Structures are given as C-alpha cells and as structure tokens.
Amino acid sequence: MPDERPRVPGLRVLSVLRAEQVTPGMRRIILGGPELAGFGDGPNVKLLFPPRGDEDPRWPVQGPDGRPVWPPAERRPTMRTYTVRRYDAAAGELHVDFVLHGDAGVASRWARDARPGDPLGVLGPGGRVLGRADRYVVAGDHSALPAIGAIVEGLPADARGHVLVEVPGPEEVQDLAPPPGVELTWLFRDGAAAGGPVLADAVRALPWPDGDVFVWIAGESSSVRAIRSYVRDERGLERRRYLAIGYWKRGLTETTYHDEHDNDRDEDYYAAGREEAAARA
Ligand SMILES: Cc1cc2nc3c(=O)[nH]c(=O)nc-3n(C[C@H](O)[C@H](O)[C@H](O)COP(=O)(O)OP(=O)(O)OC[C@H]3O[C@@H](n4cnc5c(N)ncnc54)[C@H](O)[C@@H]3O)c2cc1C
C-alpha cells in the first residue's frame, strides 16, 4: 500500500525528458515535469534513485515528529549528490551530468540506462558557492566537471585566474569558454588511477596569484585533501578563501563516504559557511 502521508518537504518527483551523451564518459540527463516549478538557486541536489525495476516507487514521507520516514529496505531509494549543471525555468528543464564510472554505482548505472519517463526524486538545490575574488583557482576532476562548467559560465567577464580539470583522457574534454583572463588547462590521467597526484601537482605548479584569491577544489578525496593542505597550510589562505569538498572516494559508495567521512568537510568548512551566511544577513 502506498504511504498516504505527505512526502518530506522539498522533495520533487521529476521525470527524465531525454538524455544526451556529452562525451563517452559523461551522460547528461534532462529532467522535467510539473513539480520542477519554483526550483530555486543553488549548486547541488540530492537525487533519490528508486530500486531498479520498481514500477511504483516509494518516497520518504514526513513522520509525526517531522522527521523523514523512509520506505522499507527493499523499496528504499538510494540517495546521491549531484550538481545542477543548468536550470532553465522557461524551458522547464533541469540538466544533470553523470560520470559513467561503471556498473558498481547506483547513480552511474541509472544514468547509463535512463529512458524518457523514468522517475527521479530531487531534493534541493543547496550548498556553498565560489566567493568573489580578484583571482580564482578552480581545480577538480571528472566528477567536478559539471560544477566547473557551471562555475565558468557564471564568472564575471573580467575574471582572472586558472581552471584545472583532470579527466581520464582527451576524449572527455568539453567545450568550455572561460572569460579571456581565465586560463583553462586539461590534465589527462592516461590510465593512472583517479585520486593520484596529477591535479595536486598542477595546482602546486601554478604561479601563485597575487591579491585576493579564492580557491575552489572538488573531486576524489585524496587529491582534494592534498590541495586543501597546500592552499591552507603552505599558502596560508583563510578558510573563507577556499572551498574544498570530496566528491567521491575510491572504494567507497557515497553513502559510506558521507556517513564515515562527511565528504572530507572539516570544521573550517562549516565555520566558513556560517561566516558567509552571517555576512549575507
Ligand atoms: C556536492 C557534490 C556534487 C557532485 N556532482 C556530481 C556531478 O555533477 N556529476 C557526477 O558524476 N558526480 C558528482 N558528484 C560525485 C558523485 O556523487 C559520486 O561520484 C557518487 O559516488 C556517484 O554515485 P554512484 O551511485 O554512481 O556510485 P557509488 O555507489 O557511490 O560508488 C560505487 C563505486 O564507484 C566508485 N566511484 C564513485 N564515483 C566515481 C567516479 N566519479 N569515478 C570513478 N569511480 C567512482 C566508488 O568509489 C565506489 O567504489 C558530486 C558529489 C558531491 C558531494
């Protein structure tokens, strides 16, 4: 029997409108539907994937104490975090780009097989964003490329800085057009495992920008931690001048990575978030 209680607040159930293969390893899923109306601003969403083959998906509902009540294990959707690559209110479309990293991942597999009409739960959007600065350093891996694409499109025309993107190889390069003062560098792993030193070495090799710098870092846990240590401990950046989040960790599902390591967010991440909120208020 479907649970008649209201769904958890903010949960939209959207459906796949169409899919586009951006590159061999990146698939764009375009979502829409009546519940997309009023979708707000923010970089990230939580996506809820129903179990494979569930024709009548169940969603978390609001319990008597206001807390979510999830469907039983065999009907429970799997939650993953993704980036709003683009939200087009006029067209009624939400674009999300998925790295296709194989059969092991619920989300990656779902995106590979997605067909028009497939339902998907969406919570959000939310999350911290790039701060304004004289110079930007943006560094991420393949999983961060959707966010980097959105960041690059949102930079002011007079922005200056560097964008570094680590991808498996040249076949994963996308057509990004940063402002003229921002240098975009593609780094290829050429068979090496993700989370190695490629991205961190490239950040270290940058001439360190003068003035007010903001550094944005996302990708596999090891390289995010290495780059964060570099900018915080060696370059002395204050916590509100960098934003570092591990997007995934080799060998762990996102559920475990989140529950056991909080995506490598540290105290400074939350303290900086509170300070940003206070500055906006
Ligand atoms: C704020 C935020 C925004 C994100 N935005 C995006 C986005 O827009 N697009 C995107 O593709 N990802 C994005 N990610 C990363 C994504 O949430 C993780 O990659 C997630 O683990 C994918 O879930 P899954 O079910 O496919 O694999 P899981 O079930 O979580 O993991 C299964 C296995 O696959 C491995 N794995 C997970 N991700 C990758 C990967 N990218 N490459 C290689 N192996 C991997 C895991 O280590 C594990 O061994 C984002 C993460 C965060 C925190």
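In the block above lies the structure referred to throughout.
Residues numbered from 1 in each chain as written. Predicted model: local features only at pLDDT ≥ 70, side-chain atom pairs only at ≥ 80, totals over all residues. Heavy atoms only, no water.

Chemist: Run through the overall build of the protein chain, naming residues and quoting values.
Modeler: In terms of helices and strands, the protein chain carries six helices and 14 strands. Against the globule reference of 19 Å for 281 residues, the protein chain gives a C-alpha radius of gyration of 19 Å, in line with a compact fold. With the C-alpha coordinates aligned to their principal axes, the bounding extent of the protein chain is approximately 60 × 45 × 40 Å. By the burial criterion, 47% of the 281 residues in the protein chain qualify as buried. When contacts within the protein chain are restricted to residue pairs at least 6 apart in sequence, long-range pairs at least 24 apart make up 68% of them. (Helix = DSSP H or I, 4+ residues; strand = E, 2+ residues; numbered from the N terminus. Rg over C-alpha atoms; globule rule 2.2 N^0.38 Å. Buried < 20%, exposed > 50% of the residue type's maximum accessible area, 1.4 Å probe, protein only. Contact = heavy atoms within 4.5 Å.)

Chemist: Please give an account of the environment of R235 that cites residues and values.
Modeler: Mapped onto the secondary structure, R235 falls in the loop between helix 4 (221-234) and strand 14 (242-248). A sequence separation of 27 residues divides R235 from W208, and the C-alpha atoms of the two residues are 8.6 Å apart. If we ignore the near neighbours within four places in the chain, the residues touching R235 are W208 and Y230. A distance of 2.8 Å separates the side chain of R235 from the side chain of Y230, its partner in a polar contact. (Polar contact = N/O pair within 3.5 Å; in protein donor to acceptor, adjacent residues only side chain to side chain.)

Chemist: Tell me about the site of the ligand, and please be specific about residues and values.
Modeler: In the vicinity of the ligand, 26 residues are found, and the nearest of them are R80, T81, H101, K249 and E254. The backbone of T81 places a nitrogen or oxygen atom 2.7 Å from an oxygen atom of the ligand. Contact distances for the ligand include 2.9 Å between a nitrogen atom and a backbone N or O atom of D97. For the ligand, the protein covers 91% of the area, taking 910 Å² as the surface of the free molecule. Mapped onto the shell around the ligand, the elements with two or more residues apiece are strand 6 (78-83), strand 8 (93-99), helix 1 (106-113) and strand 14. With four residues, the top contributor of residues to the shell around the ligand is strand 6. Classifying every residue of the shell around the ligand by side-chain character gives 10 nonpolar, 11 polar and five charged. Looking at which domains feed residues into the shell around the ligand, each of domain 1 (12-126) and domain 2 (135-280) supplies at least three. (Near = heavy atom within 4 Å. Areas by Shrake-Rupley, 256 points an atom, 1.4 Å probe, with all protein chains shown as cover. Nonpolar A, V, L, I, M, F, W, Y, C, P; charged D, E, K, R; others polar. Domains from an automatic or database assignment.)

Chemist: Give me the nonpolar core: which residues, what numbers.
Modeler: Burial of nonpolar side chains together is a common tendency in soluble globular proteins. Grouped together as the largest cluster of nonpolar side chains are 26 residues, with contacts concentrated most on L130, Y136, V138, I148 and W216. At the level of secondary structure, the elements contributing two or more residues to this core comprise strand 10 (135-141), helix 2 (145-154), strand 11 (161-167), strand 12 (182-188), strand 13 (213-220) and strand 14. The biggest single contributor to this core is helix 2, with five residues. In contact with V138, not counting residues within four places along its chain, are L130, I148, I151, H162, V163, L164 and W216. (Core = buried A, V, L, I, M, F, W, Y, C linked by side-chain atoms within 4.5 Å.)

Chemist: I'd like a rundown of the sheet that holds strand 14, residues and numbers included.
Modeler: Pairing within the open sheet is parallel, and its five strands lie in the order 12-11-10-13-14. Looking at strand neighbours, the two that pair on one side only are strand 12 and strand 14, the edges of this open sheet. Sheet twist, expressed as the average angle between the axes of neighbouring strands with direction ignored, equals 10°. In terms of strand pairing, strand 11 meets strand 12 through seven bridges, oriented parallel. Opposite H162, over in strand 12, you have E183 as the bridge partner. Relative to strand 11, helix 2 is tilted by about 155°, and along the sheet it contacts strand 10, strand 11, strand 12, strand 13 and strand 14. (Pairing = 2+ DSSP bridges. Axes fitted to C-alpha atoms, helices over the stretch in contact; angles between N-to-C directions.)

Chemist: Describe the packing of aromatic side chains, naming the residues involved and giving the relevant values.
Modeler: In total, this model carries eight aromatic pairs according to the counting rule given. Ring centres 5.3 Å apart and planes at 65° place the aromatic pair F49 and W110 in the edge-to-face group. With F49 in strand 3 (residues 44-49) and W110 in helix 1, the pair connects residues that are 61 residues apart, well separated along the chain. This pair shows no difference in class: F49 is buried, exactly as W110 is. Ring geometry for Y82 and F98: centres 4.5 Å apart, planes at 35°, overall tilted. With Y82 in strand 6 and F98 in strand 8, the pair connects residues that are 16 residues apart, well separated along the chain. The two residues Y82 and F98 agree in class, both being buried. Aromatic ring contacts, followed pair by pair, group F49, Y82, F98 and W110 into a single cluster. When the ring centre of Y269 is taken as origin, the NZ or CZ atom of R128, which lies over that ring, is 4.7 Å away. Across from the ring centre of Y269, 5.4 Å away, lies the NZ or CZ of R265, which sits over that ring. (Phe/Tyr/Trp six-rings, centres within 6.5 Å; stacked < 30°, edge-to-face > 60°. Lys NZ or Arg CZ within 6 Å of the ring centre and 35° of its normal.)

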